[in-house]
Amino acid sequence: MKNFSIAKRQIEDISVLDISGELDAHTASQLENSLKNLIDEQSYRIIVNCSRLEYIASAGLGVFMAYIEDVRSLGGDIKLTNMTDRVYNVFDLLGFPTLYDILDDEKEAVNGF
Amino acid sequence: MATTDNIHTLSVDASTEHLSEVRDFVATHARTVGLSDKDISEIRLAVDEAYTNIIKHAYKNTPSRPVRIELGFTNSQLWISIMDEGEGFKPEDYKAPNISKRIKNKQRGGMGVFLIQKLMDQVQYNQKGPYNEIRMVKNL
């Protein structure tokens, strides 16, 4: 059974993905499909709310790496919010905070678009 | 180094389906020696990255290939050894990833080895007959 899930919601023209559970090489394809679908739907303003994300491995970070350039070149962004310290630490080890908009709170991300 | 009296072993096929089982196996045993939550989460991630690399690189996503994980303790260390029979990893050929460049090129991957080195106190790659071994140590 996959211990990872994604729920999608909308705040005006911003798509929010609430991701829960453990994001690893097994579950990363679910996130990848969700991001691909948003791009196909021309939804380029994306927030990934990580408040219920318990774990991330580099395969999960790889998904963000693969799509951020496309989304930004189309005038949007993928903003990441509400990470636990443990999850943030993995992004930090790899230097992501200088490359991605990682925010404490979803509202900041909404206002940042 | 003091001898280890308890070695725990898990044998699994090389499949991402087993990732959470492998992480839980090492976390359960790491907890018994009183490691902090931070240390345990670092060990879980390092083992996840090593096992994922075996699936993707040593076995190139071929299912049903064997992986053996051993874990033990000394007075001062927790050690984890992960063995496979696939293509060996050459640490001398490895370069730390330039994340910014990879994002520009829409590349992913290459981060696991870097993370393992950051998360563990010692990392060794050994060749033992037909087996490749990655041996990782966390100081207690």
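Throughout what follows, the structure given in this document is the object of discussion. (Residues numbered from 1 in each chain as written. Chains lettered and ligands numbered in written order. Predicted model: local features only at pLDDT ≥ 70, side-chain atom pairs only at ≥ 80, totals over all residues. Heavy atoms only, no water.)

With that out of the way, let us pick up the pattern of salt bridges. The full count for this structure, using the stated rule, is 20 salt bridges over all chains. Here Lys138 of chain B and Glu42 of chain B are joined by a salt bridge, their closest N and O atoms 2.5 Å apart. Here Lys138 of chain B, found in strand β5 (residues 131-139), pairs with Glu42 of chain B, found in helix α2 (residues 37-58); they are 96 residues apart in sequence, far enough to count as distant. The class of Lys138 of chain B is buried, set by a relative accessible area of 4%. The salt bridge partner of Lys128 of chain B is Glu133 of chain B, with a shortest N-O separation of 3.4 Å. Residue Lys128 of chain B is classed as partly exposed on the basis of its relative accessible area of 43%. Each of Glu22 and Asp24 of chain A together with Arg23, Asp24, Arg44 and Asp48 of chain B takes part in one network of salt bridges that share partners. (Salt bridge = Lys/Arg side-chain N within 4 Å of Asp/Glu carboxyl O. Helix = DSSP H or I, 4+ residues; strand = E, 2+ residues; numbered from the N terminus. Buried < 20%, exposed > 50% of the residue type's maximum accessible area, 1.4 Å probe, protein only.)

Here the focus is the packing of helix α1 (residues 19-32) of chain B against α2 of chain B. All names here are of chain B. The contact between α1 and α2 brings their axes to 9 Å, and the two run at 145°. In this structure, the crossing between α1 and α2 has a hand that is right-handed. In this structure, α1 uses Leu19, Val22, Arg23, Asp24, Val26, Ala27, Ala30 and Arg31 to contact α2, whose residues at the interface are Ile40, Ile43, Arg44, Val47, Asp48, Tyr51 and Thr52. Class assignment of the residues belonging to the contact of α1 with α2 gives a composition of nine nonpolar, one polar and five charged. (Axes fitted to C-alpha atoms, helices over the stretch in contact; angles between N-to-C directions. Left-handed = near helix turned anticlockwise from the far one by under 90°. Contact = heavy atoms within 4.5 Å. Nonpolar A, V, L, I, M, F, W, Y, C, P; charged D, E, K, R; others polar.)

The extent of an interface is frequently quoted as the accessible surface area lost upon association of the parts. Taken residue by residue, the interface counts 28 residues in chain B and 28 residues in chain A. For the pair chain B and chain A, the two sides together bury roughly 2300 Å², of which 63% comes from carbon and sulfur. The largest contributions to the chain B side of the interface with chain A come from Ile103, Arg108 and Met111 of chain B, which together make up 27% of the buried area. Note that Arg23 of chain B is salt-bridged to Asp24 of chain A, the shortest N-O span being 2.8 Å. On inspection of chain B and its partner chain A, the count reaches eight residue pairs in polar contact (both at pLDDT 80 or more). Counting only elements with at least two residues in the side of chain B that touches chain A, the list comes to α1, α2, α3 (99-104) and α4 (112-119) of chain B. The leading source of residues in the side of chain B that touches chain A is α2 of chain B, at nine residues. When its residues are assigned to classes, the side of chain B that touches chain A shows eight nonpolar, seven polar and 13 charged. (Buried area = accessible area lost by both parts, 1.4 Å probe. Polar contact = N/O pair within 3.5 Å; in protein donor to acceptor, adjacent residues only side chain to side chain.)

Attention now moves to the pairing of strand β4 (residues 122-128) of chain B. Residue and element names in this part refer to chain B. Relative to β5, β4 runs antiparallel, the two sharing seven bridges. Its bridge partner being in β5, Tyr125 is matched across the sheet by Ile134. The turn linking β4 back onto β5 is made up of two residues, and Gly129 within it adopts a positive phi angle of 60°. (Pairing = 2+ DSSP bridges.)

In this section: the layout of surface pockets. Of the volumes computed, that of the largest pocket is approximately 900 Å³. Secondary-structure elements contributing two or more residues to the lining of the largest pocket are α1 (28-40) and α2 (58-73) of chain A together with α2, α4, β4 and β5 of chain B. In terms of residues, the lining of the largest pocket owes the most to one element, α2 of chain B, which gives nine residues. For the lining of the largest pocket, the class distribution of residues is 16 nonpolar, 15 polar and 11 charged. For the second largest pocket, the calculated volume is near 350 Å³. What lines the second largest pocket is a set of 20 residues, among which Arg86 of chain A together with Asp37, Lys38, Ser41 and Glu42 of chain B lie closest to the centre. At the level of secondary structure, the elements contributing two or more residues to the lining of the second largest pocket comprise β3 (45-56) and α3 (85-93) of chain A together with α1 and α2 of chain B. (1 Å grid on protein atoms, 1.4 Å probe; cavity = no way out; pocket = protein on both sides within 12 Å on 5 of 7 lines; lining within 4 Å. Points joined across faces, edges and corners; volume = space filled by probe spheres on them.)

Moving on to the sheet that holds strand β2 (residues 14-23) of chain A. Residue and element names in this part refer to chain A. Spatial strand order, β1-β2-β3-β4-β5: five strands in an open sheet with mixed pairing. Each of the sheet's edge strands pairs with one partner strand only, and the pair in question is β1 (4-11) and β5 (101-103). Ignoring strand direction, the axes of neighbouring strands in this sheet form an average angle of 25°. Here α2 sits on the sheet in contact with β2, β3, β4 (77-81) and β5, set at roughly 140° to β4. Against the sheet, α3 touches β3, β4 and β5, its axis set at about 110° to β3.

Right, let's talk about the environment of Asn139 of chain B for a bit. Residues and elements named next belong to chain B. Here Asn139 shows up in strand β5. Assessed through its relative accessible area of 37%, Asn139 is described here as partly exposed. Residues Asn139 and Val47 lie 92 residues apart in sequence; the distance between their C-alpha atoms is 15 Å. Ignoring sequence-local partners within four residues, the contact set of Asn139 consists of Leu35, Ser76, Gln77 and Asp121. At 3.5 Å, the side chain of Asn139 forms a polar contact with the side chain of Gln77.

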